[in-house]
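Descriptive structure summary
Residues per chain are reported as follows:
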Amino acid sequence: SAVISQKPSRDICQRGTSLTIQCQVDSQVTMMFWYRQQPGQSLTLIATANQGSEATYESGFVIDKFPISRPNLTFSTLTVSNMSPEDSSIYLCSVEEFDRGAAFFGQGTRLTVV
Amino acid sequence: GQQLNQSPQSMFIQEGEDVSMNCTSSSIFNTWLWYKQEPGEGPVLLIALYKAGELTSNGRLTAQFGITRKDSFLNISASIPSDVGIYFCAGQVNYGGATNKLIFGTGTLLAVQP
């Protein structure tokens, strides 16, 4: 399976600031996905990122709050903008491998907003 | 966002016991996936199921894709302390084109007493 690396692995940020999370994959993939996992909760899809087109956001998530870049087939970034304590979560990058029909995840970025 | 109904919510068992957990949905899924998440890590894929009725094993783990395509179960036989973690089911649907979306279950916390 693809190896997915996320940076940073964790961060503590001040409210009102923004944090950009990077996701690097060791192989070219068509689709990359960003998930949020709030404390003690399951995973919720934020958006799907295709290379060369705008990300597709799920209900409840907007581009102004979570801008996403996908400059090539191995890299994506998610920015959490104008953060508040409610944004404290684990943010996870994921890719899909079509020959296995399954999604694989990075180790996540644990964000705490104070 | 939408989530699958996963039960039980938590299990506290003795080493050597067998474990069973399941997921149900009102929607039909094309694929069922089972993941394990340990603290500070992203979810790791355990088993992927692609056909209704399919029964698949991975070591001590066995999972089945329900005939109705609306449910799945995961069994762990002869549990060991390293089985501790949160287990998530995920159902995959195709929303058109090449995009497959994952809907996650609410998770089952497994604790194993040595």
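First, a word on scope: everything that follows refers to the structure included in this document.

Okay, the overall build of chain B next. Scanning chain B from terminus to terminus reveals zero helices and 11 strands. Across chain B, helices and strands are ordered from the amino to the carboxyl terminus as β-β-β-β-β-β-β-β-β-β-β. What you see for chain B is a C-alpha radius of gyration of 14 Å, in line with the 13 Å of a compact globule of 114 residues. Considering only C-alpha atoms, chain B reaches an extent of 45 × 30 × 20 Å along its principal axes. Relative to its full complement of 114 residues, chain B shows a buried share of 44%. Counting contacts in chain B only where the partners sit at least 6 residues apart, residues at least 24 apart contribute 54% of the total. As displayed, chain B offers around 5,300 Å² of accessible surface, 52% of which is attributable to carbon and sulfur atoms.

Turning next to the environment of B:T108. Residues and elements named next belong to chain B. Within the secondary structure, T108 sits in strand β11 (residues 108–113). The class of T108 is buried, set by a relative accessible area of 0%. Spatially, the C-alpha atom of T108 lies 4.7 Å from that of Q9, the residues being 99 residues apart in sequence. Once residues within four sequence positions are removed from consideration, T108 is found in contact with Q6, S7, P8, Q9, M11, M21, G85, I86 and Y87.

The next point concerns the sheet that holds strand β1 (residues 4–7) of chain A. Residue and element names in this part refer to chain A. On the basis of which strands lie adjacent, the open sheet formed by four strands has the order β1-β3-β8-β7 and antiparallel pairing. Sheet topology places β1 and β7 (68–72) at the edges, where each strand pairs with a single neighbour. Ignoring strand direction, the axes of neighbouring strands in this sheet form an average angle of 15 degrees. Alignment of strand β3 (residues 19–25) against strand β8 (residues 75–80), held across six bridges, turns out to be antiparallel. The residue of β8 that forms the bridge with Q22 is T77.

What follows deals with the pattern of salt bridges. Side-chain pairing between opposite charges can occur once the charged atoms of the two side chains come close. Going through the model one piece at a time under the given rule, you end up with four salt bridges over all chains. Among the ionic pairs, B:K101 bridges to A:E58, the shortest N-O distance being 2.4 Å. Linking B:K101 in strand β10 (residues 100–104) with A:E58 in the loop between β6 (56–57) and β7, this pair reaches from one chain into another. Overall, the relative accessible area of 17% leaves A:E58 in the buried class. Where A:K65 meets A:D87, a salt bridge forms, and the shortest distance between an N and an O atom there is 2.6 Å.

On to unusual backbone geometry, then. Cis geometry marks the peptide bond from A:K7 to A:P8; its omega dihedral reads -10 degrees. With respect to the helices, strands and loops of the structure, A:P8 is situated in the loop between β1 and β2 (10–13). Cis geometry marks the peptide bond from B:S7 to B:P8; its omega dihedral reads -5 degrees. We note that A:N82 has phi near 45 degrees; this positive angle belongs to a residue other than glycine. With a relative accessible area of 54%, A:N82 lands in the exposed category. One non-glycine residue, B:R69, lies in positive phi territory at about 65 degrees. On the secondary structure map, B:R69 appears in the loop between β7 (61–65) and β8 (71–76).

This part covers the nonpolar core. With 45 residues, the main nonpolar core has A:Y35, A:I46, B:Y35 and B:F104 as its most contacted residues. What A:Y35 contacts, discounting residues up to four positions off in sequence, is A:L43, A:T44, A:L45, A:I46, A:I90, A:Y91, A:L92, A:S94, A:F105, B:L102 and B:F104. Judged by nonpolar contacts, the second largest core, of 23 residues, contains B:M21, B:L61, B:A63 and B:F65.

Before going further, it helps to examine the pairing of strand β10 (residues 102–105) of chain A. Residue and element names in this part refer to chain A. The side-chain alternation of β10 yields two buried faces, one formed by A102 and F104 and the other by A103 and F105. Pairing geometry for strand β9 (residues 89–97) and β10, over four bridges, is antiparallel. Counterpart to S94 in the pairing with β10 is F105.

What counts as what
Residues numbered from 1 in each chain as written. Chains lettered and ligands numbered in written order. Predicted model: local features only at pLDDT ≥ 70, side-chain atom pairs only at ≥ 80, totals over all residues. Heavy atoms only, no water. Helix = DSSP H or I, 4+ residues; strand = E, 2+ residues; numbered from the N terminus. Rg over C-alpha atoms; globule rule 2.2 N^0.38 Å. Buried < 20%, exposed > 50% of the residue type's maximum accessible area, 1.4 Å probe, protein only. Contact = heavy atoms within 4.5 Å. Areas by Shrake-Rupley, 256 points an atom, 1.4 Å probe, with all protein chains shown as cover. Pairing = 2+ DSSP bridges. Axes fitted to C-alpha atoms, helices over the stretch in contact; angles between N-to-C directions. Salt bridge = Lys/Arg side-chain N within 4 Å of Asp/Glu carboxyl O. Core = buried A, V, L, I, M, F, W, Y, C linked by side-chain atoms within 4.5 Å.

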